Amino acid sequence: MRRTEVDPASSPLAAFAVQLRRSREAKGLSQVAFGKLICFSDSWVSCVERATRVPTHSFAVSADRVLETGGTLELMWWNLKHSGLIEGFPEYMSKEAEATVIRLVEFRMIPGLLQTTEYAQAWEAGNIRRGSATQTQVDDRVSILAARQRQLDREPAPILHAVVDEGCLLRPIGGCAVMARQLRHLENLAQLANVIIQVSPYSLAADHPFTHPMVLLTMSNRAMVGYMETVKRGYLERDAEEVGTWDRDYDRLQIEALPQAASLSMIREVRKELESHAG
């Protein structure tokens, strides 16, 4: 049978099709064998791989499980919908799913990859109250976040280095009890070999090299891309000179921020204070 070639750059559906085929073939599975494992017909698999049929959510989740892709296909499925996501973020997600190292700076809140579900829901509840998002959009965002977080469990797992502003710890999103559980979650995540969490204290003041949240992704070929957001859209920065500047600034911030042990000590102290108020 003649193989239909699909251009992954032509559409999000085509990108899903190519990723599915590559992952299936890497496992040495035929379309028939793969279809049986995920309880879909081989003709359905063929249509998805030719980008002539839109996969269902259950198809993506089952494919991730069988192919051990760490949630990549589910993320790409959400990319097909991109409900409630700002412009540019779906493109960022596709890069994040491939990154070997994720380095980020956050000022406003606990970074998404480190959030508990209830913290994420509490944060999004504010968007609903302000009328900037619907419940459906929020539900999609929380589901997408859960899929992104599963990337940390893939093999090999990416290294995640997060530098969070002290204010992220002190802003009680969802109230004291929710926030205390979120901080305990940070303590637990910091025990993982691939997760590094540092706090940039208020005392850093004007010496903080960044003024906005930022992400640096290192890809498997060692190339780096950056990501930042404005109010209405996000954008990927690919210019090597600009990304190099972000990289140097991040190295400086890593040195100036509290070491991980001191950072965890601060997180623990704030968490205990919150627990005393919540109790």
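Now for a look at the structure at hand. (Residues numbered from 1 in each chain as written. Predicted model: local features only at pLDDT ≥ 70, side-chain atom pairs only at ≥ 80, totals over all residues. Heavy atoms only, no water.)

## Considering the sheet that holds strand S2 (residues 159-165)
If you walk across this open sheet you meet the six strands as S3-S2-S1-S4-S5-S6, and the pairing is mixed. The outermost strands of the open sheet, each flanked by one partner alone, are strand S3 (195-200) and strand S6 (234-237). On average, each strand axis in the sheet is tilted by 15° relative to the strand beside it, whichever way the strands run. Looking at chain direction, strand S4 (residues 214-218) and strand S5 (residues 224-229) are connected through four bridges and run antiparallel. Residue pairing across strands places Leu217 opposite Val225, the latter belonging to S5. Strands strand S1 (101-106), S4, S5 and S6 of the sheet are contacted by helix H6 (residues 89-96), whose axis makes an angle of about 40° with S4. (Pairing = 2+ DSSP bridges. Helix = DSSP H or I, 4+ residues; strand = E, 2+ residues; numbered from the N terminus. Axes fitted to C-alpha atoms, helices over the stretch in contact; angles between N-to-C directions. Contact = heavy atoms within 4.5 Å.)

## Overview of the pattern of salt bridges
In the structure shown here, the tally under the stated rule is 16 salt bridges. A salt bridge links Arg24 to Glu25; its shortest N-O distance comes to 3.9 Å. Glu124 is the partner of Arg141 in a salt bridge, and the nearest nitrogen-oxygen pair spans 3.0 Å. Placement of the pair is Arg141 in helix H8 (residues 135-149) and Glu124 in helix H7 (residues 117-129), with a sequence separation of 17 residues. For the pair Arg141 and Glu124, a shared accessibility class is recorded, and that class is buried. (Salt bridge = Lys/Arg side-chain N within 4 Å of Asp/Glu carboxyl O. Buried < 20%, exposed > 50% of the residue type's maximum accessible area, 1.4 Å probe, protein only.)

## Here we look at empty space enclosed by the protein
All told, the structure shown has one cavity of 30 Å³ or more when counted by the stated rule. The volume enclosed by the largest cavity comes to roughly 40 Å³. Taken together, Gln115, Thr116, Thr117, Ala120, Val142, Leu145, Ala146 and Gln149 form the lining of the largest cavity. Broken down by secondary-structure element, the contributors of at least two residues to the lining of the largest cavity are H7 and H8. By residue number, the principal contributor to the lining of the largest cavity is H8, which donates four residues. Residues that form the lining of the largest cavity fall into these classes: four nonpolar, four polar and no charged. (1 Å grid on protein atoms, 1.4 Å probe; cavity = no way out; pocket = protein on both sides within 12 Å on 5 of 7 lines; lining within 4 Å. Points joined across faces, edges and corners; volume = space filled by probe spheres on them. Nonpolar A, V, L, I, M, F, W, Y, C, P; charged D, E, K, R; others polar.)

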